[in-house]
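Next come the chains, spelled out residue by residue.
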Amino acid sequence: MDFNDTPQEAEFRAEAQRWLSDNAKPRTESGGMMAMFAEAEGEGGNRGEAEWEMVRQAQAWQKRKYDAGWAGITWPKRYGGRGASIMQQVIWGQEEAKYETPPNIFMIGIGMAGPTIQVHGSNEQKDRYLKPMLSGEEIWCQLFSEPGAGSDLAGLRTRAVKEGDEWVVNGQKVWTSGAHYSKWGILVTRSDPSAPKHKGLTYFIVDMESPGVEIRPIRQMTGGANFNEVFFKDVRIPDSNRLGAVGQGWSVAITTLMNERMSIGGGGGMLGGDSGLSDVIKGLGKVYVNGRPAIENAAVRHQLARFMTRFKGLELTGYRTLSALSMGGMPGAESSIMKLEMGLLAQQMAAFVMELQGPNGVLMDSDVALMEAMWQQVYLGVPAIRIAGGTDEVQRNIIGERVLGLPADVRLDKGVPFNEVPTGPRTATV
Amino acid sequence: MDFNDTPQEAEFRAEAQRWLSDNAKPRTESGGMMAMFAEAEGEGGNRGEAEWEMVRQAQAWQKRKYDAGWAGITWPKRYGGRGASIMQQVIWGQEEAKYETPPNIFMIGIGMAGPTIQVHGSNEQKDRYLKPMLSGEEIWCQLFSEPGAGSDLAGLRTRAVKEGDEWVVNGQKVWTSGAHYSKWGILVTRSDPSAPKHKGLTYFIVDMESPGVEIRPIRQMTGGANFNEVFFKDVRIPDSNRLGAVGQGWSVAITTLMNERMSIGGGGGMLGGDSGLSDVIKGLGKVYVNGRPAIENAAVRHQLARFMTRFKGLELTGYRTLSALSMGGMPGAESSIMKLEMGLLAQQMAAFVMELQGPNGVLMDSDVALMEAMWQQVYLGVPAIRIAGGTDEVQRNIIGERVLGLPADVRLDKGVPFNEVPTGPRTATV
Amino acid sequence: MNFAFDQDQLMMRDAARKLLDDLSPMSAVHKIMDSEESYDAKLWQAMAENGWLGTAIPESYGGSDLGYLELAVLAEEIGRHCASVPFSSSIYLAAELIKAAGTEEQKHKYLPKLAAGEQIATVALAEQGRTDLDGVTAKVEDGRLHGEKSPVVDGLCADLLILPAREHGELSLYLVDLGQGVERSALHSMDRTRKQARLRFDGAAAERLGGSGEAGRHLDAAYDRGAALLAFEQVGLAQAALDMGVAYAKERYAFGRPIGSFQAIKHRLADMFVKLESARSNAYYAAWALAKSPDELPAAAAYARLAANEAAAFATEENVQIHGGIGFTWEADPHMLVKRAKHLESWLGGGLVWGERLLGNAA
Amino acid sequence: MNFAFDQDQLMMRDAARKLLDDLSPMSAVHKIMDSEESYDAKLWQAMAENGWLGTAIPESYGGSDLGYLELAVLAEEIGRHCASVPFSSSIYLAAELIKAAGTEEQKHKYLPKLAAGEQIATVALAEQGRTDLDGVTAKVEDGRLHGEKSPVVDGLCADLLILPAREHGELSLYLVDLGQGVERSALHSMDRTRKQARLRFDGAAAERLGGSGEAGRHLDAAYDRGAALLAFEQVGLAQAALDMGVAYAKERYAFGRPIGSFQAIKHRLADMFVKLESARSNAYYAAWALAKSPDELPAAAAYARLAANEAAAFATEENVQIHGGIGFTWEADPHMLVKRAKHLESWLGGGLVWGERLLGNAA
């Protein structure tokens, strides 16, 4: 048990530090771990030229990393990666976090689509897609959820019908981040509605510029619009863009989803960054509770200590998972812990810091609210975290069933032809 | 909306006060509402001569009340009651609580069996059982739960087979309070194992002195032994002791259970007594947290205020329920709120007051621990409250389904012959 | 003893609900949210015309003097509908302060206008977000006010402001006509249907409300009355969240069954109901104390506030969660309830404040 | 970076588990509970023979000096088995204090006996339940101790006691042989498998441990070390509760299905697991700090303690609940885990104590 770098790790870290200091500007303020949940309120969405400028900068930074061999630390060299260890990936992440960099809009490609293609793709597909994905040239999005298929993802209804060498797709997807600037999407469709629900699915790579693809922004409660609805009307996809066999889409999707949980809940995100709590402690000297600085109040201190403990537990659990991975373990359902606890903790912590601000607690003005209203932003952004990528309830099912081995719930939809599964008034209309 | 007595209520209260002050000794210390959960640790159970002495005193007190017309405030006069209102019942309870009285061991009879007999009994049964029940002459116990049938009460297996004018009963019941000093028991049995589980049940009044009834104490985690296992071996019950029709035992049992929830969760218990929290606040001046009296610690105060609010909410909700009842409403599933919240609150509050006592928190010595170790006793006694009379989980189901109208869970055992319902390795052996 | 609203009050509730169903469905609140309007002026006028504003104002000052229980009935419906009106600031806080501290002249001058909805009043409780009176730096000299108050709920639309300020070393309340001598800047509240502002004064005319040095006493009582009435808005809000969650859990299917048949959802809704009932009972007690037993009000208001804060936060947050993806979209309703809950909580303070008030009063 | 126990440590864990499975199954702990024995003497002897007691004691004083990580491995297994031995008081607290504060002579005199299990030592942290040092009234005069300490964990069976007392106005630690000059009376602990006592001294011989006036400093460090190691007992205990709950939820049927298939049970077990993993991770960090990075220990110990208290309380309480009726019977195991959790929590203090220690050290 050792927190320190091995000599080899230290050497790698130094190399990363050298390259970063030559190529990027150090961050002035960390904002802390929680900053990743904060989402500035958008006025009528956050689309437009500024967003395109962000995309271009992100692509430029990704290309620069790619050219220097930092884009895919654990990816095979054949696809532009470094072929290095997951521990080195983490070290890179820790160091990169110290610099000002554009938002990482390549997670869905590199973190989810890429690993899925590496497992299930043909050699042609690997050669075609992986390099431009890693270099940031082509951006990817995910087309899984539907209005009637969220937690029950396998209940999706978007139809794919084979016509000659092509598939014709009709239906609607939702919660697609970055659809409007993506070149490719990973898409799960129903190719056989008379098969049981998990059996009739087929997985595709779809060109987002295809005729019949329509993208509409969804505005969230933050006011921003990071998600989209995507409508498919007679969209034609060549059969060569199919990933995995016809009817095997569910098992391909599982690969994607396991990588999603890893990227949301596990591994990199939590590690090495400070929790932002030292900034909170400083800030709580500036707000008053019952006429005294909040940080002097024993109730505040008690609550804060409990939050800090949970944060520390998450960070350290990340290190434990990582240690297991680097010793050859597989990414497992443990990342569900991280995702579940992180969402709840961020929400509770945000509500707490808002309470301490008294009447300013509800204000979004960055020049008025504590820490530039970061906690207000976290509060509004975190419901998405508790829901997207598997709700709290789904994570608890996963922990209960896959980690603890508890029996599955009774399933009414198991083995039943999909088109005979009961649906409610709302889903039926979709 | 008015908390004060109406003139009629005030007159009744004065009358009750007069009789009580003539017949009983005022309580020196209230112990508060929570005292009802406190159970002194018994050494090897609490059976023996002292318990029989308690039973005799309780019977004497009940007889005295009965003779003066205070035993059954809301019961019809025909059965020895006063035929008065539920509000008068509550006023009586508030006043009686101010006096030293023996434990009320008649709840199962008067609170549960009595109302059930009044609804489902024949005139002969009413005439035979109700008066000796109310006067305390005959004590009653409840024989519902079984080792394999707790929350799933209708899964009970105790068999009743008709032989001529008698039924022969074989099986085992558990969690029977007072079985060893009861004359009568209310018993639910399975009379038809090939019917669906709720359809094959029959309800009896059983003489606890019948041959073949064997009673064994169950020791709880408190060390005391307030419950029993009751074994039935070829016990013969005359058909005239059947309550309700053959195969209709479930609907009779439901009447009993609704009255149980009322008596545990609703109505009397919470009302009028102080919550015992003023004693806690006094006590918290005597224990130290971080070198200062606990009551000066803002974290302690904050937590205490939250507990007090929940207590107050329970007490006031009791009044609301009562007002609804006295205006002709039916006792509903609302009492599930009271039971659920009361158990959780008592457990959390007890753990909190134990924490504040530092190393003394785990001590049961009444001369060492705060408030004569009442909170330690509550802590050990409360798991039974969260489980007996319908677990927390059952209460949440009731609130969800009967109050909020949410759809029932998927049932594998519905409409299936009882002897074909799946059972686990544990229940199968019962 | 009778711990329930009476028939007249229940009829009043039905009428209020109908009016709000008609004039302030969630779609109307959405419109205010997406506009620059400070409040729903049409709804406000209807409330004035129906006599809501004067419910607890004596007849001699233009009210109907029905009483606080009736005001509580209205408050619950306002909360349930998430209505966008300056009712609470103008009525629960400002009018009540004028009733409690004003001279006859002041009462005659202001209350009829507030009861008629011709003027909107509010109270400035904070400077730079700090609400304890040690933090008050606003000054009155020769009848002129100098200083800054922030945030002020309904500060953009109010005609009249009550605020604490210092004069000759004493902390007193003052009434200020916001017609001139004030610089208002909008603050960006999370709840866009209850707007807030920063107000700067550089010589606005100020008249004292109540005795010199009595700001603390009057504001303390105002907090209690405000908390008791706001608790009903919070209860109504929590009830709306619960109803919304229950309805969705019945109609939304997953895995071939309504999601409300899953214990994860069902039991959470049950927990919402438990907290809501506790909040409702405590709110009733506070309303009764306000109406009939003022000595009990400080403790009762604290109970009501603590329970209402908790119930509203839990119900509104978990209602979003139960709605899944749709729950956090701008177009759907759940987020508006969350934001209103935060508005109501932040305004008069959270558990740390009211816990101390409770122990100070009940212990 | 490598945040896991190594192969040798894992092998040691397996061996420890096997020994405890054999000698201290729950049935053996039941026997101690129902007896007047202070502890399981047979188990204690086996631990001594297997070198457990000297794990973190240097070889020169009779130990094996394997280290703190190894001691943590043993602690987790002791907790998981709910073992009834004075391990924690004699080893984590007393032996550690002698190592830290003792003279060479004292170390040679006492540590080999503790490592061999020939003597049992404990530490008196409280007088009349009060643990802050302002509450210390015990006095040493001319090498003789007068006063009372209560409660003292393992105070009935201990041969040797370390305690703070006052001499010449200074608060120092003292070592007292409990062979004579002490009046012991049993206290009635909720956890009957970890007995406690009140100790009265009227002239027992006392030798100072550490410098004059250094009681505060040494005890402070002892709390950190003790918390770090006890956290592993708590993690083991929580794991035992989780395992017991999971096993029961799989085999117990209701409504025709295993109760673990109901979300009410499944999700509660998932929540137990989440808290347990947080506690485990924080405990690992504390063990590492104890072994390799003493500067981080004060914060790491507080994290470990806070997380462990919470995980153990939740897991043990909810394990009773999941067991239903059987869960609160004397004959079943779940209540013993609850009581042990309360013993471990009450001993070195709860969240109010450790929250302040954390903020004092980390902020």
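The rules behind these values
- Residues numbered from 1 in each chain as written.
- Chains lettered and ligands numbered in written order.
- Predicted model: local features only at pLDDT ≥ 70, side-chain atom pairs only at ≥ 80, totals over all residues.
- Heavy atoms only, no water.
- Helix = DSSP H or I, 4+ residues; strand = E, 2+ residues; numbered from the N terminus.
- Buried < 20%, exposed > 50% of the residue type's maximum accessible area, 1.4 Å probe, protein only.
- Contact = heavy atoms within 4.5 Å.
- Areas by Shrake-Rupley, 256 points an atom, 1.4 Å probe, with all protein chains shown as cover.
- Axes fitted to C-alpha atoms, helices over the stretch in contact; angles between N-to-C directions.
- Parallel < 35°, antiparallel > 145°, perpendicular 65-115°, else oblique.
- Left-handed = near helix turned anticlockwise from the far one by under 90°.
- Nonpolar A, V, L, I, M, F, W, Y, C, P; charged D, E, K, R; others polar.
- Least-squares fit on C-alpha atoms with pLDDT ≥ 70 in both.
- Domains from an automatic or database assignment.
- Buried area = accessible area lost by both parts, 1.4 Å probe.
- Phe/Tyr/Trp six-rings, centres within 6.5 Å; stacked < 30°, edge-to-face > 60°.
- Lys NZ or Arg CZ within 6 Å of the ring centre and 35° of its normal.
- Expected span 1.5 Å × (residues − 1).
- Arc of directions from axis to C-beta.
- Polar contact = N/O pair within 3.5 Å; in protein donor to acceptor, adjacent residues only side chain to side chain.
- Salt bridge = Lys/Arg side-chain N within 4 Å of Asp/Glu carboxyl O.

Another aspect to go through is the overall build of chain C. Helix and strand content of chain C: eleven helices and nine strands. In terms of its C-alpha atoms, chain C occupies a principal-axis envelope of roughly 75 × 45 × 40 Å. Across the 363 residues of chain C, 69% fall into the buried class. Relative to all contacts within chain C whose residues are 6 or more apart in sequence, the contacts with residues 24 or more apart total 73%. In the form shown here, chain C has an accessible surface area of approximately 11,400 Å², with 46% of it arising from carbon and sulfur atoms.

Attention now moves to the packing of helix H7 (residues 215–251) of chain D against helix H9 (residues 297–323) of chain D. Residues and elements named next belong to chain D. Contact pair H7 / H9: the axes reach a minimum separation of 8 Å and the direction vectors enclose 25°. Accordingly, the angle class assigned to the pair H7 and H9 is roughly parallel. As H7 packs across H9, the resulting crossing turns out to be left-handed. Its residues assigned to classes, the contact of H7 with H9 comprises 18 nonpolar, six polar and three charged.

Superposing the two chain copies requires a rotation about an axis and a translation along that axis. Under the fitted operation, chain D is carried onto chain C by 0.0 Å of movement along the axis and a turn of 180°, and the coordinates agree to an RMSD of 0.0 Å. Each copy turns onto its partner about a two-fold axis. If distances are taken from each C-alpha of chain D to the rotation axis, the shortest is found for Gln263(D), at 2.7 Å. Both copies share a contact surface, since 100% of the interface residues of chain D are interface residues in chain C too.

All names here are of chain A. Annotation of chain A at the domain level lists domain 1 (8–138), domain 2 (141–250) and domain 3 (254–403). In this structure, domain 2 and domain 3 have C-alpha centres spaced 31 Å apart. Opposite the nine residues of domain 2 that make contact, domain 3 presents nine residues. Taken together, the two surfaces of domain 2 and domain 3 that pack against each other cover about 780 Å², and 69% of this comes from carbon and sulfur. By the criterion of area lost to domain 3, the three top residues of domain 2 are Ser151, Met221 and Trp250, representing 50% of everything that side buries. Here the side of domain 2 that touches domain 3 is composed, by residue class, of six nonpolar, three polar and no charged.

Our focus in this paragraph is the packing of aromatic side chains. For any pair of aromatic rings, the description consists of the separation of the ring centres together with the inter-plane angle of the planes. With the rule as written, the count across this model stands at 58 aromatic pairs over all chains. With a centroid separation of 5.6 Å and an interplanar angle of 70°, the aromatic rings of Phe87(D) and Tyr92(D) are classed as edge-to-face. Above the face of the Phe231(A) ring, Arg216(A) is positioned so that its terminal group lies 4.0 Å from the ring centre. In this arrangement the basic side chain of Lys183(B) is found over the ring face of Trp184(B), its NZ or CZ atom lying 5.2 Å from the centre.

Residue and element names in this part refer to chain B. The terminal C-alpha atoms of helix H1 (residues 7–23), which comprises 17 residues, lie 24 Å apart, in line with the 24 Å expected from a rise of 1.5 Å per residue. Glu9, Phe12, Arg13, Ala16, Trp19 and Leu20 are the residues of H1 that are buried. Looking straight down H1, one finds its buried side chains confined to an arc of 130°; they lie on one side. Along H1, exposed side chains directed more than 90 degrees from the buried face belong to Pro7, Glu11, Arg18 and Asp22. Looking at the buried positions of H1, the neighbouring elements they touch are helix H2 (49–68), helix H3 (86–96) and strand S2 (99–100).

Quick look at the environment of Ala221(D) now. Here Ala221(D) lies in helix H7. It is 24 Å that separates the C-alpha atoms of Ala221(D) and Leu237(D), two residues lying 16 residues apart in sequence.

Moving on, we get to the side chain of Ser84(D). All names here are of chain D. Mapped onto the elements, Ser84 comes out in the loop between helix H4 (68–80) and helix H5 (87–101). Ser84 sits in the buried class, given a relative accessible area of 2%. A polar contact of 2.7 Å, which involves the side chain of Ser84, links it to the backbone oxygen of Thr193. With residues up to four places along the chain from it excluded, the contact list for Ser84 reads Ile32, Ser38, Tyr39, Asp40, Thr193 and Arg340.

The next subject is the domain arrangement of chain C. Residue and element names in this part refer to chain C. In terms of domain boundaries, chain C breaks down into domain 1 (7–116), domain 2 (121–213) and domain 3 (216–362). Here domain 1 and domain 3 have C-alpha centroids that lie 20 Å from each other. In this complex, domain 1 contributes 25 residues to the contact, which on the side of domain 3 involves 30 residues. Here domain 1 packs against domain 3, burying approximately 2,400 Å² in sum over the two surfaces, 70% of which is carbon and sulfur. The three residues of domain 1 that bury the most area against domain 3 are Tyr68, Glu76 and Arg80, which together make up 22% of that side's buried surface.

On to the interface of chain D and chain C. Taken together, the contacts link four residues of chain D with four residues of chain C. With both sides pooled, the region where chain D packs onto chain C buries about 320 Å², and carbon together with sulfur makes up 51% of that total. Interface area lost by chain D to chain C is led by Phe262(D), Gln263(D) and Ala264(D), which between them contribute 88%. At the junction of chain D and chain C, the tally comes to zero salt bridges. Summed over the shared surface of chain D and chain C, the result is three residue pairs in polar contact (both at pLDDT 80 or more).

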